[in-house]
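# Descriptive structure summary
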Amino acid sequence: MDKLRDLEDQLEKVAISGEGVTNQTLSEQLLKDLLMIVKHPTFISFFANRKIFNFSFGYLDKLIQADDPDDYMRVLQILSLLPKDDVTSQQFQRCMFNNVDFFAMKLGFVVRQEHEWILETGYEFRVKLAYHSIPILHNTDQQLKLEINRENLVQDSITKILEADEFDLRRGISVRFVGEAGIGDGVRRDWLISLVGKMVETQDAFQTSGGDLAPDHTRIYPKQGSSASADFYRCFGRLIVLALIHNIQVGITFDNILFLQLSEKKITLEDIRATDPAKYKSYNEIMRSSPQSYDEEYYYFSDGSDHSDDDEGGRVVPLEDREKYVAGKIQKEFVSSIQAQTDNILKGFDGLLSVFRIVIFQILKLEDFDYLIRGIKELKMEDWKKFTRYEQGYEANDRQIKWFWQCVQDLPEEKRRKLLYNWTGIKYLPRGGFEALRPPVVIRNWPQDKELLDDLPRAQTCFHRLSFPRFIFLISISLRAS
């Protein structure tokens, strides 16, 4: 313990002095001492909640080159215990993010229990780490080219996606619609968002979190007894992976029980709280019933569901077996009953991700996956205006631009969303909103040396670009005045 306290004194002097860590302020011997002491069982409890690590995190990179990378992981695990609002904690987050390649190599195919602390280091880190397991998008000329019949969108797409070689799909896809000239990012977004939306709306394929008590009625999971084909669900799994590869938010969210099955985790009573609040309440009451309140050794369970255990609509179960009974009911109703559909979704994922599917769903939290697949629905007008770029003579203070934004401001929410979709091919923004859009939204002035009186505003969804001439608003104002 004396050496441990000596090390703390040395590190505290560095923190108090405000100097960056150099070979002069922290010697190589101190580094060796640190690597040795982190193996001490009391190290985490001794240093937790202390601010002695308020020094340059660049110095920690030396630990990566140590003989045992576990030492580096150990130091970072300790630093992860720092208060979340501490400046040092922010430095720690940057250190983790900058060294994500190391963690991808260290974790391999499984996030072991001793490494679960890594998942608490921030959304950006988890997503960057997960994307190490997602196929790299190739250049457009190397992508698989699909021609889709818009009039038969779902069935034609299922056929084309399932006929495609998995290796080709991993490189990304380029889409065009039969009889239409458009091609590029905007067309691909339009196809993927429309297709996934129609598949989810298929009444017999998915159900949403049920009951009036459910906090979120938009989360989906396979419908029990669905007549939708195995190909339908397998294609759906592939489409979600394609959305991840192309970073397209398709506007849907997975229910927790589907997300957990994709990560191959066991579903517990708490996991069904939002999925089916009524059954959660019933099973929770069974678990919380006090044995002292009953004279008999057995308790007659009745959960209000379709009972197949006996003819009286309930089951006689020893009190000490309540936990096993409830776990069995959850397995039957939320896992086994949709196992065939879930397995086919898994096949769609695994065809493009292989063993990395488990890694991705172990690394990400449900809310992370929400941001990646659904995006955010809210359209903040101030951010929309703030992060819009202007080209070919337009500036933010031009009267035409001010008129334009006033028109958008006056639109109801649904029409604003339709405008954004026609402008960019995007219905749901990525996490970070308009600031995170790549490329950013653009408004351009049309060249004045062309005859444009018969033309209307034009959008290039691939480039998030809206073009209109100055005169268009003069015409609009004249029409309003008349």
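Residues numbered from 1 in each chain as written. Predicted model: local features only at pLDDT ≥ 70, side-chain atom pairs only at ≥ 80, totals over all residues. Heavy atoms only, no water.

For the protein chain, the name recorded in an unreviewed UniProt entry is HECT-type E3 ubiquitin transferase, with Heracleum sosnowskyi as its organism. The record in UniProt for the protein chain states the following under Catalytic activity (unreviewed entry): "S-ubiquitinyl-[E2 ubiquitin-conjugating enzyme]-L-cysteine + [acceptor protein]-L-lysine = [E2 ubiquitin-conjugating enzyme]-L-cysteine + N(6)-ubiquitinyl-[acceptor protein]-L-lysine." As its UniProt record puts it under Pathway (unreviewed entry), the protein chain is described as follows: "Protein modification; protein ubiquitination." (UniProt positions renumbered as here; feature names shortened; annotations may be inferred.)

To continue, consider the overall build of the protein chain. Regarding its fold elements, the protein chain presents 22 helices and eleven strands. Counting every position in the protein chain, which comprises 482 residues, the buried fraction comes to 48%. Once local pairs closer than 6 in sequence are excluded, the contacts in the protein chain between residues at least 24 apart make up 69%. Just so you have it, the protein chain exposes about 25100 Å², and 49% of that area is on carbon and sulfur atoms. (Helix = DSSP H or I, 4+ residues; strand = E, 2+ residues; numbered from the N terminus. Buried < 20%, exposed > 50% of the residue type's maximum accessible area, 1.4 Å probe, protein only. Contact = heavy atoms within 4.5 Å. Areas by Shrake-Rupley, 256 points an atom, 1.4 Å probe, with all protein chains shown as cover.)

What links the strands of a sheet is backbone hydrogen bonding, and the strands pair in either a parallel or an antiparallel sense. Strand order across the open sheet formed by four strands is β8-β9-β11-β10, with mixed pairing between neighbours. In this open sheet, the two edge strands, each paired with only one partner strand, are β8 (389–391) and β10 (458–460). Strand-to-strand twist in this sheet, taken as the mean axis angle between neighbours without regard to direction, amounts to 20°. Note that strand β9 (residues 442–444) and strand β11 (residues 465–467) share three bridges and pair parallel. Paired with V442 across the bridge in β11 is R465. Running over the sheet, helix α21 (residues 413–424) touches β9, β10 and β11 and is turned about 65° from β10. (Pairing = 2+ DSSP bridges. Axes fitted to C-alpha atoms, helices over the stretch in contact; angles between N-to-C directions.)

Running from N to C, helix α8 (residues 123–130) and helix α18 (residues 366–373) cross one another at 70°; their axes reach a closest spacing of 11 Å. As the angle between them shows, α8 and α18 are arranged roughly perpendicular. Where α8 approaches α18, its residues Y123, R126 and V127 are matched on the opposing element by D368, Y371 and L372. Along the lines of polarity and charge, the residues of the contact of α8 with α18 split into four nonpolar, no polar and two charged. (Parallel < 35°, antiparallel > 145°, perpendicular 65-115°, else oblique. Nonpolar A, V, L, I, M, F, W, Y, C, P; charged D, E, K, R; others polar.)

This part is about the pattern of salt bridges. This structure, assessed with the given rule, holds 19 salt bridges. The shortest N-O distance in the salt bridge between D156 and K160 comes to 3.3 Å. A residue pair is termed a helical-turn pair when its members lie 3 or 4 positions apart in one helix, as D156 and K160 do in helix α9 (residues 153–163) at four residues. We classify D156 as buried; its relative accessible area is 15%. Several salt bridges converge on common partners, so that one network encompasses R150, E180 and D190. (Salt bridge = Lys/Arg side-chain N within 4 Å of Asp/Glu carboxyl O.)

Turning our eyes to something else, we now look at the nonpolar core. Residues W191, F236, L239, I252 and F254 are the most contacted members of the largest nonpolar core, which totals 79 residues. Here the element with the most residues in this core is helix α12 (residues 230–246); it accounts for eleven residues. When near neighbours in sequence (up to four residues on either side) are disregarded, F254 contacts R219, I220, F236, I240, L262, F349, L366 and F369. Of all hydrophobic cores here, the second largest spans 18 residues; its members include Y394, I401, L420 and L466. (Core = buried A, V, L, I, M, F, W, Y, C linked by side-chain atoms within 4.5 Å.)

Here we come to the sheet that holds strand β3 (residues 206–208). Spatially, three strands are ordered β3-β4-β5 in an open sheet, and the strand pairing comes out mixed. Because the sheet does not close on itself, it has two edges, and the strands there are β3 and β5 (253–254). Of the strand pairs in this sheet, strand β4 (residues 219–222) and β5 are connected by two bridges, and their pairing is parallel. Looking at the pairing, R219 lines up with T253 of β5.

This brings us to the confidence of the model for the protein chain. Within the protein chain, residue pLDDT values average 77, and 65% of them lie at 70 or more. Confidence drops under a pLDDT of 50 for residues 293–298, and excluding neighbours within four residues, the segment shows nine contacts in the predicted structure. A low-confidence stretch, residues 302–313 stays under pLDDT 50, and its non-local contacts, those more than four residues away or across chains, total 22 contacts. (pLDDT = per-residue confidence, 0-100.)

The next thing to look at is the UniProt feature "active site" (unreviewed entry) in the protein chain. Under the feature "active site" (unreviewed entry), the UniProt entry names C462. Along the chain, C462 falls in the loop between β10 and β11. On the basis of relative accessible area, C462 is assigned to the buried category, the value being 18%. Excluding residues that lie within four positions of it along the chain, C462 makes contacts with I183, G184, D185, G186, R189 and P439.

All right, on to the side chain of D190 then. Relative to the assigned elements, D190 resides in helix α11 (residues 185–201). The buried category is assigned to D190, whose relative accessible area is 17%. Setting aside residues up to four positions removed in sequence, D190 forms contacts with R150, F177 and Y421.

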